[in-house]
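Chain by chain, the residues:
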Amino acid sequence: RLRSSVGRRERRKATTRQELIAAGRRLFGSRGLYEFRIEDLAETAGIAKGTFYQYFASKEHLVLAVVQDALGGLMKSVERRCLGARSLSQGVGRMTAAHISFFAENPDLVRILHQARGILKYNRLGAVALRREMRAYLAFLDRTLARIPGAALRSEGRQELAETVFGGVSGVLSVRAAVSPGRRLPRRWPRLSRGYAALARRYAARRST
């Protein structure tokens, strides 16, 4: 009985934590990371302000959790799309398409990740942990490219391609969302995917071992 009780309690805590992350994501997506207050989250989630601190030490820890959740979703999308890629250009094209479709389904994360990069750029509070997560995601993209059969590319080239795909796609979509509020992001962008695939072919030709 004790184990059962402890198990239920831990599941409730995990559920509450996810609900707080979801509430934080809604607020960050609509109001931004900088204007957010703990009081806003407590009101949105229907909890006491003190309850928040049982799960997160600060607002910055919640921002980190939301970004981790976003990058985790991106990883799953990239893994699915890149599975079975037979060349570097095909893999990069699929990786680009995975980012495009993921952000089309989660347009709020375009804004959230854009502002998270701003935190890194200006070394605002929480930048160290966020930078670690961004680097870990880029390392994941690097490993994904390295696993593609026949993609004989030096580490430097893979890193540059990873930065170009993630930074380029999220940056372009961020600009589109900023200049055309309310405009739906494209689920498919064949020309952009083909453009990155062509870039990968040039990398392979110049940097292959």
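Predicted model only: the values in this text are computed from it and were never measured. Numbers given to residues run from 1 along each chain, matching the order in which its sequence is written. Per-residue local features of the predicted model are confined to residues with pLDDT of at least 70, and side-chain atom pairs are confined, for both listing and counting, to 80 or more; whole-chain, interface and lining totals are unaffected and use all residues. Just so you know, side-chain values use all the structure's heavy atoms and leave hydrogens and water out.

Once that is clear, we can look at the side chain of Glu133. With respect to the helices and strands, the residue Glu133 is situated in helix H7 (residues 127–146). Among the polar contacts listed, one links the side chain of Glu133 to the side chain of Gln68, at a separation of 3.1 Å. Note on definitions: a residue-residue contact is assigned when non-hydrogen atoms from the two residues lie within 4.5 Å. Glu133 has contacts with Leu64, Gln68 and Leu71, leaving out every residue within four places of it along the chain. Every helix listed is a DSSP run of H or I at least four residues long, and every strand listed is a run of E at least two residues long, numbered separately from the N terminus. N or O atoms within 3.5 Å of each other form a polar contact, as long as, within protein, one can give a hydrogen and the other can take it, and as long as residues adjacent in sequence are counted only when both atoms are side-chain atoms.

All right, on to helix H2 (residues 38–45) then. Note on exposure labels: buried denotes an accessible area under 20% of the residue type's maximum, exposed denotes more than 50%, and partly exposed covers the range between, all computed with a 1.4 Å probe on protein chains only. For H2, every residue scored as buried is listed here: Ile38, Asp40, Leu41 and Ala42. Once H2 ends, the next one or two residues include Gly46, with phi positive near 70 degrees.

This part covers the environment of Glu163. Turning to its location among the elements, Glu163 is positioned in helix H8 (residues 155–179). In the structure, Glu163 is positioned 117 residues away from Gly46 in sequence and 39 Å away in space, judged by C-alpha atoms. What Glu163 contacts, discounting residues up to four positions off in sequence, is Leu138 and Gly168.

Turning our eyes to something else, we now look at the packing of aromatic side chains. Pairing of aromatic rings covers Phe, Tyr and Trp, the last counted by its six-membered ring, and requires centre-to-centre distances within 6.5 Å; plane angles under 30 degrees mean stacked, over 60 mean edge-to-face, and any other angle means tilted. Under the counting rule described, the total for this entry stands at five aromatic pairs. Ring plane angle 75 degrees and centroid distance 5.8 Å describe the contact between Phe102 and Phe103, whose orientation is recorded as edge-to-face. With a centroid separation of 5.9 Å and an interplanar angle of 35 degrees, the aromatic rings of Tyr137 and Phe140 are classed as tilted. Linking Tyr137 with Phe140, this pair stays in helix H7, spanning three residues, or about one helical turn. These aromatic residues form a ring-pair network of at least three members: Phe52, Tyr53 and Phe56. Two conditions define a charge located above a ring, namely a distance within 6 Å from the ring centre to NZ of Lys or CZ of Arg, and an angle within 35 degrees of the ring normal. Here the guanidinium or amino end of Arg176 rests over the ring plane of Trp189, the centre of that ring lying 4.6 Å away.

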